[in-house]
Amino acid sequence: RRRQFRELTTKPMSDRVWDAPRGAKDGKGAPKPKRVSARGEAEMKARGAVAEAIEAGNLDEAGRRYLKLVDEFGEQCLTRDGQLAVANHLHASGDHQHAALAYRQFTERYRADSETNRVRLMHAVLLARYLNDPIGAERELDAIEHHKLSSDEAELASTLREELA
(Lines give C-alpha, C1' and ligand atoms only; values in the text may rest on other atoms or scores of the structure.)
Protein backbone atom coordinates (compact mmCIF):
# COMPACT_ATOMS: atom_id res chain seq x y z
CA ARG A 1 0.00 0.00 0.00
CA ARG A 2 2.79 2.39 0.86
CA ARG A 3 4.47 1.73 -2.44
CA GLN A 4 1.23 2.35 -4.32
CA PHE A 5 0.68 5.56 -2.38
CA ARG A 6 4.20 6.78 -3.16
CA GLU A 7 3.78 5.94 -6.85
CA LEU A 8 0.50 7.78 -7.06
CA THR A 9 1.73 10.85 -5.21
CA THR A 10 4.94 11.18 -7.20
CA LYS A 11 3.24 11.09 -10.62
CA PRO A 12 1.89 14.29 -12.14
CA MET A 13 -1.89 14.77 -11.67
CA SER A 14 -2.66 14.08 -15.34
CA ASP A 15 -1.01 10.64 -15.22
CA ARG A 16 -2.85 9.34 -12.15
CA VAL A 17 -5.32 6.54 -12.53
CA TRP A 18 -8.01 6.46 -9.89
CA ASP A 19 -10.09 3.49 -8.87
CA ALA A 20 -13.77 3.61 -9.62
CA PRO A 21 -15.89 4.95 -6.74
CA ARG A 22 -17.52 2.44 -4.45
CA GLY A 23 -20.68 0.94 -5.85
CA ALA A 24 -19.49 1.53 -9.39
CA LYS A 25 -20.14 -1.16 -11.93
CA ASP A 26 -17.48 -2.21 -14.40
CA GLY A 27 -15.35 0.78 -13.42
CA LYS A 28 -17.58 3.15 -15.35
CA GLY A 29 -18.56 5.45 -12.50
CA ALA A 30 -21.43 5.42 -10.07
CA PRO A 31 -24.36 3.05 -10.68
CA LYS A 32 -27.15 4.50 -12.74
CA PRO A 33 -30.51 5.05 -11.07
CA LYS A 34 -33.12 2.44 -11.75
CA ARG A 35 -35.67 3.33 -14.36
CA VAL A 36 -39.21 3.55 -13.09
CA SER A 37 -41.75 1.45 -14.95
CA ALA A 38 -44.58 3.12 -16.82
CA ARG A 39 -47.02 1.86 -14.18
CA GLY A 40 -44.84 3.25 -11.38
CA GLU A 41 -44.58 6.56 -13.17
CA ALA A 42 -48.35 6.75 -13.62
CA GLU A 43 -48.83 5.92 -9.95
CA MET A 44 -46.44 8.69 -8.91
CA LYS A 45 -48.30 11.18 -11.11
CA ALA A 46 -51.63 10.14 -9.62
CA ARG A 47 -50.26 10.48 -6.08
CA GLY A 48 -48.90 13.90 -7.03
CA ALA A 49 -52.31 14.94 -8.35
CA VAL A 50 -53.90 14.01 -5.00
CA ALA A 51 -51.23 15.97 -3.13
CA GLU A 52 -51.77 19.00 -5.37
CA ALA A 53 -55.51 18.99 -4.68
CA ILE A 54 -54.89 18.71 -0.93
CA GLU A 55 -52.37 21.57 -1.04
CA ALA A 56 -54.89 23.70 -2.95
CA GLY A 57 -57.49 22.99 -0.26
CA ASN A 58 -59.82 21.29 -2.74
CA LEU A 59 -60.72 18.24 -0.69
CA ASP A 60 -63.60 17.23 -2.97
CA GLU A 61 -61.15 16.90 -5.84
CA ALA A 62 -58.54 15.28 -3.58
CA GLY A 63 -61.11 12.67 -2.53
CA ARG A 64 -62.02 11.92 -6.15
CA ARG A 65 -58.37 11.67 -7.14
CA TYR A 66 -57.60 9.44 -4.13
CA LEU A 67 -60.42 7.07 -5.05
CA LYS A 68 -59.20 6.97 -8.65
CA LEU A 69 -55.68 6.23 -7.38
CA VAL A 70 -56.99 3.38 -5.22
CA ASP A 71 -59.08 1.98 -8.08
CA GLU A 72 -56.16 2.00 -10.51
CA PHE A 73 -53.25 1.01 -8.26
CA GLY A 74 -54.71 -0.71 -5.21
CA GLU A 75 -54.75 0.50 -1.62
CA GLN A 76 -52.62 3.57 -1.09
CA CYS A 77 -51.46 5.67 1.83
CA LEU A 78 -50.52 9.29 1.38
CA THR A 79 -48.51 11.51 3.67
CA ARG A 80 -49.73 11.59 7.26
CA ASP A 81 -51.63 14.88 7.00
CA GLY A 82 -52.86 14.17 3.49
CA GLN A 83 -54.23 10.76 4.46
CA LEU A 84 -56.07 12.21 7.45
CA ALA A 85 -57.47 15.10 5.42
CA VAL A 86 -58.80 12.77 2.71
CA ALA A 87 -60.20 10.25 5.21
CA ASN A 88 -61.94 12.93 7.26
CA HIS A 89 -63.39 14.53 4.13
CA LEU A 90 -64.65 11.21 2.78
CA HIS A 91 -66.34 10.55 6.14
CA ALA A 92 -67.85 14.04 6.28
CA SER A 93 -69.19 13.67 2.74
CA GLY A 94 -70.89 10.38 3.65
CA ASP A 95 -68.61 8.01 1.75
CA HIS A 96 -68.15 5.73 4.75
CA GLN A 97 -66.80 2.73 2.85
CA HIS A 98 -63.89 4.66 1.38
CA ALA A 99 -63.37 6.66 4.57
CA ALA A 100 -62.95 3.37 6.46
CA LEU A 101 -60.39 2.27 3.87
CA ALA A 102 -58.47 5.53 4.24
CA TYR A 103 -58.54 5.35 8.05
CA ARG A 104 -57.36 1.75 7.97
CA GLN A 105 -54.49 2.68 5.68
CA PHE A 106 -53.51 5.43 8.12
CA THR A 107 -53.50 3.07 11.12
CA GLU A 108 -51.43 0.48 9.26
CA ARG A 109 -48.85 2.97 7.98
CA TYR A 110 -48.58 5.33 10.96
CA ARG A 111 -48.85 2.91 13.89
CA ALA A 112 -46.77 5.02 16.29
CA ASP A 113 -48.41 8.34 15.42
CA SER A 114 -50.05 10.39 18.17
CA GLU A 115 -53.36 10.39 16.25
CA THR A 116 -53.50 6.65 15.61
CA ASN A 117 -55.71 5.85 18.62
CA ARG A 118 -58.24 8.52 17.63
CA VAL A 119 -58.21 7.29 14.05
CA ARG A 120 -58.73 3.71 15.25
CA LEU A 121 -61.71 4.91 17.28
CA MET A 122 -63.16 6.70 14.25
CA HIS A 123 -62.57 3.61 12.14
CA ALA A 124 -64.34 1.47 14.76
CA VAL A 125 -67.32 3.85 14.74
CA LEU A 126 -67.56 3.62 10.95
CA LEU A 127 -67.31 -0.15 11.00
CA ALA A 128 -69.90 -0.60 13.74
CA ARG A 129 -72.48 2.06 12.92
CA TYR A 130 -72.28 2.49 9.16
CA LEU A 131 -70.72 -0.61 7.62
CA ASN A 132 -72.23 -3.38 9.79
CA ASP A 133 -68.85 -4.93 10.64
CA PRO A 134 -68.93 -5.58 14.40
CA ILE A 135 -65.95 -7.96 14.26
CA GLY A 136 -63.78 -5.33 12.57
CA ALA A 137 -64.99 -2.71 15.05
CA GLU A 138 -64.10 -4.97 17.99
CA ARG A 139 -60.66 -5.57 16.50
CA GLU A 140 -60.08 -1.82 16.23
CA LEU A 141 -61.33 -1.20 19.77
CA ASP A 142 -58.99 -3.90 21.08
CA ALA A 143 -56.04 -2.25 19.35
CA ILE A 144 -56.68 1.16 20.94
CA GLU A 145 -54.40 2.20 23.79
CA HIS A 146 -57.17 3.54 26.04
CA HIS A 147 -54.84 5.41 28.38
CA LYS A 148 -53.98 7.72 25.48
CA LEU A 149 -57.61 8.73 24.82
CA SER A 150 -59.30 11.80 26.22
CA SER A 151 -62.24 11.28 28.58
CA ASP A 152 -64.75 11.95 25.77
CA GLU A 153 -63.01 9.51 23.45
CA ALA A 154 -62.82 6.87 26.17
CA GLU A 155 -66.55 7.32 26.80
CA LEU A 156 -67.28 6.92 23.08
CA ALA A 157 -65.16 3.74 22.99
CA SER A 158 -67.05 2.39 26.02
CA THR A 159 -70.42 3.23 24.46
CA LEU A 160 -69.43 1.62 21.20
CA ARG A 161 -68.29 -1.53 23.00
CA GLU A 162 -71.67 -1.70 24.76
CA GLU A 163 -73.47 -1.32 21.43
CA LEU A 164 -71.46 -4.23 20.03
CA ALA A 165 -72.16 -6.51 23.01
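Residues numbered from 1 in each chain as written. Predicted model: local features only at pLDDT ≥ 70, side-chain atom pairs only at ≥ 80, totals over all residues. Heavy atoms only, no water.

Novice: Describe the overall build of the chain, and please don't skip the residues or the numbers.
Specialist: A tally of regular secondary structure across the chain gives 8 helices and 0 strands. What you see in the chain, going N to C, is helices and strands ordered as α-α-α-α-α-α-α-α. Per element, the accessible surface of the chain, about 11300 Å² overall, is 49% carbon and sulfur. (Helix = DSSP H or I, 4+ residues; strand = E, 2+ residues; numbered from the N terminus. Areas by Shrake-Rupley, 256 points an atom, 1.4 Å probe, with all protein chains shown as cover.)

Novice: With reference to specific residues and values, describe unusual backbone geometry.
Specialist: Residue N132 is not a glycine yet carries a positive backbone phi of 50 degrees. Note that N132 resides in the loop between α6 (116–130) and α7 (134–143). We classify N132 as exposed; its relative accessible area is 68%. (Buried < 20%, exposed > 50% of the residue type's maximum accessible area, 1.4 Å probe, protein only.)

Novice: Before we move on, could you go through the nonpolar core and cite the residues and values that matter?
Specialist: Counting residues in each nonpolar core, the largest one holds 24 residues, and the members touching the most others are Y66, L69, L78, V86, L90 and Y103. Within the residue set of this core, elements represented by two or more residues are α2 (38–55), α3 (59–73), α4 (80–92), α5 (96–109) and α6. Setting aside its immediate chain neighbours within four residues, Y66 contacts V50, Q76, L78, Q83, V86, L90, A102 and Q105. Core analysis: the next-biggest nonpolar cluster, separate from the first, contains 10 residues, V125, L127, A157 and L160 among them. (Core = buried A, V, L, I, M, F, W, Y, C linked by side-chain atoms within 4.5 Å. Contact = heavy atoms within 4.5 Å.)

Novice: How would you explain the pattern of salt bridges if you had to name every residue and give the values?
Specialist: This structure, assessed with the given rule, holds 13 salt bridges. In this structure, R65 and E61 form a salt bridge, with 3.0 Å as the shortest nitrogen-oxygen distance. Linking R65 with E61, this pair stays in helix α3, spanning 4 residues, or about one helical turn. For the salt bridge of E75 with R104, the shortest nitrogen-to-oxygen distance reads 2.7 Å. (Salt bridge = Lys/Arg side-chain N within 4 Å of Asp/Glu carboxyl O.)

Novice: Account for the confidence of the model for the chain, naming residues and giving values.
Specialist: Across the chain, pLDDT averages 84, with 84% of residues at or above 70. Averaged over each element, pLDDT in the chain is lowest for helix α1 (residues 2–10) (75) and highest for α4 (94). (pLDDT = per-residue confidence, 0-100.)

Novice: Got a sec to walk through the environment of E163? Specific residues and values, please.
Specialist: In this structure, E163 sits in helix α8 (residues 151–164). On the basis of relative accessibility, which here comes to 44%, the residue E163 falls in the partly exposed class.

Novice: Which residues make up α5, and what values go with them?
Specialist: If you check α5, its first and last C-alpha atoms are 20 Å apart, about what 14 residues at 1.5 Å a residue would give, namely 20 Å. When α5 is considered as a whole, its buried residues turn out to be H96, A99, A100, L101, A102, Y103, Q105, F106 and T107. Here the buried face of α5 lies against α3, α4 and α6. (Expected span 1.5 Å × (residues − 1).)

Novice: Quick one: what's the story with the packing of aromatic side chains, residue by residue and with numbers?
Specialist: Across all of its chains, the model carries 1 aromatic pair by this definition. Between F106 and Y110 the ring centres are 5.1 Å apart and the planes differ by 40 degrees, which places this aromatic pair in the tilted class. On the accessibility criterion, F106 (1% relative accessible area) is buried. Note on Y110: relative accessible area 18%, which makes it buried. (Phe/Tyr/Trp six-rings, centres within 6.5 Å; stacked < 30°, edge-to-face > 60°.)

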